[in-house]
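# Analysis of the macromolecular model
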Amino acid sequence: MIPSFPFLKKKSLDHAGNVFLPSRRDFLKIGSLAGGGLLLGVSFQCTTKAQSQAFVPNVYLSISPDNTVTIIAHRSEMGQGIRTSLPMIVADEMGADWSQVRIVQAEGDESKYGNQNTDGSFSVRMFYEPMRKAGATARHLLIKAAAQEWGVDAAACVAENSTVIHSESGRSLTFGALANAAQQLELPDQDTLELKEFSSYKLIGKDTPIIDLKDFVTGKAVFGADVNLPGMKIAVIQRTPVVGATITEYDASEALAIPGVLQVVKISGSGNPPGLTKPLEGLAVIADNTWAAIKGRKALQITWDLGDNASYDSKAQLETMKQSTLEDGMIRRERGDFNQAKQGAAQVIERTYEAPFYAHGTIEPPAAIAQFVEGKMEIWAPTQHPQWARDSVAEACSLSADDVRVNVTLLGGAFGRKSKPDYVVEAAMLAKETGLPIRVQWTREDDLHHDFFHSHSMQRIRATIDADKNLTGWNHHTVFPAIGATSDANELHPSDGELGLGCIDFPYEVPHIRIETHESKAHTRIGWMRSVSNIHHAFAICSMMDEVAEAVGKDPVQFALDMLADDKALDFDGEIKGEFGNYGESLEDYPWETTRLKNVIRRVAQESGWGKSLPSGTAMGFAVHKSFLTYVACVVELMRDDSGEITIPVVHYAVDCGIAVNTDRVRSQFEGGAIFGTSIANTSAITLKDGKVEQNNFDGYQLVRMPQSPKKIHVHIIESNRKPTGVGEPPVPPLAPALANAYYKLTGSRVYALPFKL
Amino acid sequence: MATYELTINGKQYQVDAEEDMPLLWVLRDLLDMKGTKFGCGQALCGACTVMLGDSAVRSCTLPVSAVGSGAVTTIEGLSENGDHPLQKAWIEHIVPQCGYCQSGQIMNAAALLKNNPTPSEDEIDQAMAGNLCRCGTYNRIKEAIFTAAT
């Protein structure tokens with residue numbers, strides 16, 4: 001079973017980071033700096049793509065004679081700070097003055113920038129080394145140019161603050177002054193290139209403010225819907241209320257009578273299964289302004305053939321899924337013989353864990369702008385995956401990808417939603433059909449009704465305990481409509497990819513393990529949301545581990561440490577029936593190390609004061625979960641006041657993400673992840689009845705607000721010289737179970753279904 | 001369609017709009033002032049917050065016909081150079097993540113401080129409860145408000 005969704009595809013770029021000097025011919029092709037200067041390209045090609053695709057040179061880095069260093073941001077910015085973190089690696093390595101660095105957002109173009117899909121918490125993981133090499137190459141060239149100019153030894157020169165200095169003679173030249181000479185030099189050997197010592201970095205490993213900060217606080221930052229084209233019209237679309245429904249007839253006359261409404265255009269939908277890239281069937285009201293389009297949409301009269309999903313009831317499906325977990329499922333991992341453990345057990349704890357559909361709820365609803373002129377489509381969109389958008393637009397509009405240009409704006413939150421290009425395709429189809437520049441504007445209702453939801457899930461775990469209070473067996477049944485089912489109705493089991501997200505790599509030293517899956521169908525669009533299946537898997541596993549710890553009479557922190565046993569690298573040898581994805585990396589490059597998991601457990605226990613006596617009305621809960629190659633442990637403290645109201649005074653995280661490139665953004669991702677996790681745990685749920693989503697806006701689909709959110713979130717970063725790993729998603733999974741375990745300590749009630757009200 | 005005289009960020013504007021058009025779309029679509037954001041259209045998330053006089057209002061549900069002669073202040077007009085104490089505090093605490101809700105957060109906080117220059121933590125919690133941030137920047141927002149208030 002191969003993951004049928006893009007974020008887990010192998011991304012290792014064997015030849016990534018090779019730096020090249022664009023040729024004279026390339027200069028022209030690229031439209032080089034008018035006043036000369038130094039231009040460097042970086043190859044982001046993965047091996048297989050490079051073989052099949054003509055390489056198009058890019059300019060990744062340039063230094064102009066006025067001493068401005070320009071660096072391309074080739075990943076999408078959605079709040080994780082990547083527009084800052086990758087360029088600052090380059091700048092720090094080359095010795096550039098960060099205040100004179102300009103960041104330019106790349107268009108979506110795989111031939112120039114490799115895979116730009118920004119999800120799976122892997123930008124820093126993948127590009128830390130390539131960015132350092134690019135910076136070191138530039139530094140090497142600039143120093144060599146200066147050394148030649150002065151007739152001195154290059155080794156006696158240093159580059160800092162965008163200046164090369166020869167301290168012996170007191171001479172210095174700016175990068176700008178050296179740029180033209182540096183351009184004439186031969187590139188250093190990429191394999192022997194000397195990189196700086198970690199301790200000498202001025203930006204890496206420090207709190208570095210994000211580059212868009214001033215624009216954010218003055219309202220100047222440009223998000224998707226902020227792009228304005230001359231003559232642009234606004235489209236608001238009435239999409240099918242049930243996935244797979246089709247329009248049988250419609251009357252647009254009342255809509256067209258509304259002042260400002262110009263046309264009504266039908267969008268033919270993808271049918272069933274809906275797919276990840278195609279729009280849903282709908283009627284687009286095109287108007288002079290957004291308000292007229294919204295009013296026009298309300299006035300549409302549409303008769304739908306609701307199709308196969310019209311009787312779908314998500315609550316009923318969860319009940320069916322729950323029953324299915326009583327049966328034998330498809331075995332996905334087996335160690336020992338669970339039946340033997342069960343027979344010899346003094347106690348069997350059997351619990352089910354339920355979690356609902358979740359919507360991403362980005363505060364910026366999807367929006368995209370398209371203009372079709374003389375056979376060329378130009379797009380502006382807040383997209384995580386500009387190339388997928390480009391290819392999907394080309395396919396939907398019968399164009400060559402070469403005739404589609406995708407400009408990436410800032411993303412007003414994404415969390416996986418804005419990987420899917422459906423809204424971009426809508427804009428492109430309408431621009432082509434009408435010949436007008438079009439902004440497709442989703443409303444909040446559109447966003448909640450037509451999301452690609454995080455799948456609802458049912459899990460059953462049986463834990464066997466012997467007479468000596470040892471956990472001897474672990475039988476985990478998991479069932480949830482798979483992401484793949486959105487494209488392929490025959491994909492009935494969770495994929496290997498989804499199981500690899502915090503289920504199949506159950507790390508504890510239990511002699512008998514059996515992990516099984518069951519069939520379920522998708523009746524709505526399923527996608528991926530911040531940490532994906534780790535969310536429900538961590539909830540079930542960390543909740544059960546807490547319950548087992550209690551049953552064997554151990555503290556849950558100590559129990560987790562004991563169950564991880566010796567320091568080792570897990571390889572799940574022969575136990576996993578399919579492929580263990582390890583987030584697209586080999587276990588050699590990124591081993592699964594129990595030592596590092598134990599480290600974060602010990603650290604979070606120490607920092608949170610775990611085990612100390614707590615005042616009455618307060619309680620702590622613990623959870624630990626590795627995801628996206630990052631090791632995270634979490635302690636949540638709860639407090640109940642005299643009126644019975646429960647709040648979250650403190651969350652502690654300990655995280656081992658290898659080298660923390662921008663420590664401030666590592667912390668901010670964990671702060672935000674704690675709050676995202678609190679919404680998952682306490683407030684949010686999507687349900688469907690008669691095939692329709694029952695929540696309409698932020699009154700029905702609730703997100704945590706300031707008074708409900710954890711008052712203090714402490715992030716303890718393990719100092720490490722290991723390869724950096726991502727931090728966007730890993731904070732989310734352990735939060736809900738840590739909160740649920742604290743809730744049990746406080747109230748005596750175990751939590752078996754999300755969301756639960758505090 | 002009617003003509004409305006609006007005072008926005010100290011300047012006079014004349015707009016022709018349907019009387020039920022929310023101020024949000026007047027700002028964004030008719031006046032091309034994109035700093036104020038659309039989030040929910042139902043006054044549930046606060047992304048569209050502007051000040052009308054000294055009060056925070058949700059521009060997504062305020063019809064242009066109800067704005068009257070009051071002075072509207074948007075994020076673009078909060079300060080001339082981005083140096084309002086709240087903006088400086090937001091920068092000091094590196095508050096934003098994606099940044100999208102921050103115009104509304106800052107305008108809501110500005111109204112709070114106009115009416116209560118030294119709010120307590122509870123007062124900040126209550127005043128800011130209508131502004132959602134999906135990235136989860138609430139704690140830094142609170143710290144920034146404390147910084148700006150002192």
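Everything below is about the structure printed above this text.
Analysis parameters
- Residues numbered from 1 in each chain as written.
- Chains lettered and ligands numbered in written order.
- Predicted model: local features only at pLDDT ≥ 70, side-chain atom pairs only at ≥ 80, totals over all residues.
- Helix = DSSP H or I, 4+ residues; strand = E, 2+ residues; numbered from the N terminus.
- Buried ≥ 20, exposed ≤ 12 C-beta atoms within 10 Å, placed from the backbone.
- Contact = placed C-beta atoms within 7 Å.
- Axes fitted to C-alpha atoms, helices over the stretch in contact; angles between N-to-C directions.
- Parallel < 35°, antiparallel > 145°, perpendicular 65-115°, else oblique.
- Left-handed = near helix turned anticlockwise from the far one by under 90°.
- Nonpolar A, V, L, I, M, F, W, Y, C, P; charged D, E, K, R; others polar.
- Pairing = 2+ DSSP bridges.
- Right-handed = clockwise from strand over helix to strand, strands pointing away.

Turning our attention to the overall build of chain A. For chain A, the count of helices and strands is 20 helices and 30 strands. Projected onto its principal axes, the C-alpha positions of chain A cover 80 × 75 × 55 Å. In chain A, buried positions account for 57% of the 758 residues. Excluding contacts between residues fewer than 6 apart, the proportion of contacts in chain A whose partners are at least 24 apart in sequence is 80%.

Residues and elements named next belong to chain A. With their axes 9 Å apart at the nearest point, helix α12 (residues 386–396) and helix α13 (residues 422–434) run at an angle of 40° to one another. By the angle class used here, α12 and α13 are oblique. Of the two elements, α12 crosses α13, and the hand of that crossing is right-handed. Judged by residue contacts, Ala 389, Ser 392, Val 393 and Ala 396 of α12 engage Val 424, Val 425, Ala 428 and Met 429 from α13. Per-class residue counts for the contact of α12 with α13 are 7 nonpolar, 1 polar and no charged.

Here we take up the packing of helix α2 (residues 85–92) of chain B against helix α5 (residues 138–149) of chain B. Residues and elements named next belong to chain B. It is the contact of α2 with α5, at a shortest axis distance of 8 Å, that shows an interaxial angle of 130°. When the axes of α2 and α5 are compared, the pair comes out oblique. Between α2 and α5 lies a crossing whose hand is right-handed. Contacts from Pro 85, Leu 86, Ala 89, Trp 90 and Glu 92 of α2 reach α5 at Ala 144, Thr 147 and Ala 148. Residues of the contact of α2 with α5, tallied by class, amount to 6 nonpolar, 1 polar and 1 charged.

All names here are of chain A. Direction of pairing for strand β3 (residues 61–63) relative to strand β4 (residues 69–73): antiparallel, over a ladder of 3 bridges. Each bridged residue has a counterpart across the sheet, and for Ser 62 the counterpart in β4 is Thr 70. Taking the residues between adjacent antiparallel strands as the criterion, β3 and β4 are bridged by 5 residues, where Asn 67 takes a positive phi near 80°. Strand direction decides the pairing type here: β4 and strand β5 (residues 101–105), joined by 5 bridges, are parallel. In the strand pairing of β5, Thr 70 is matched with Arg 102. The parallel pair β4 and β5, bridged by helix α3 (residues 82–94), forms a crossover whose chirality is right-handed.

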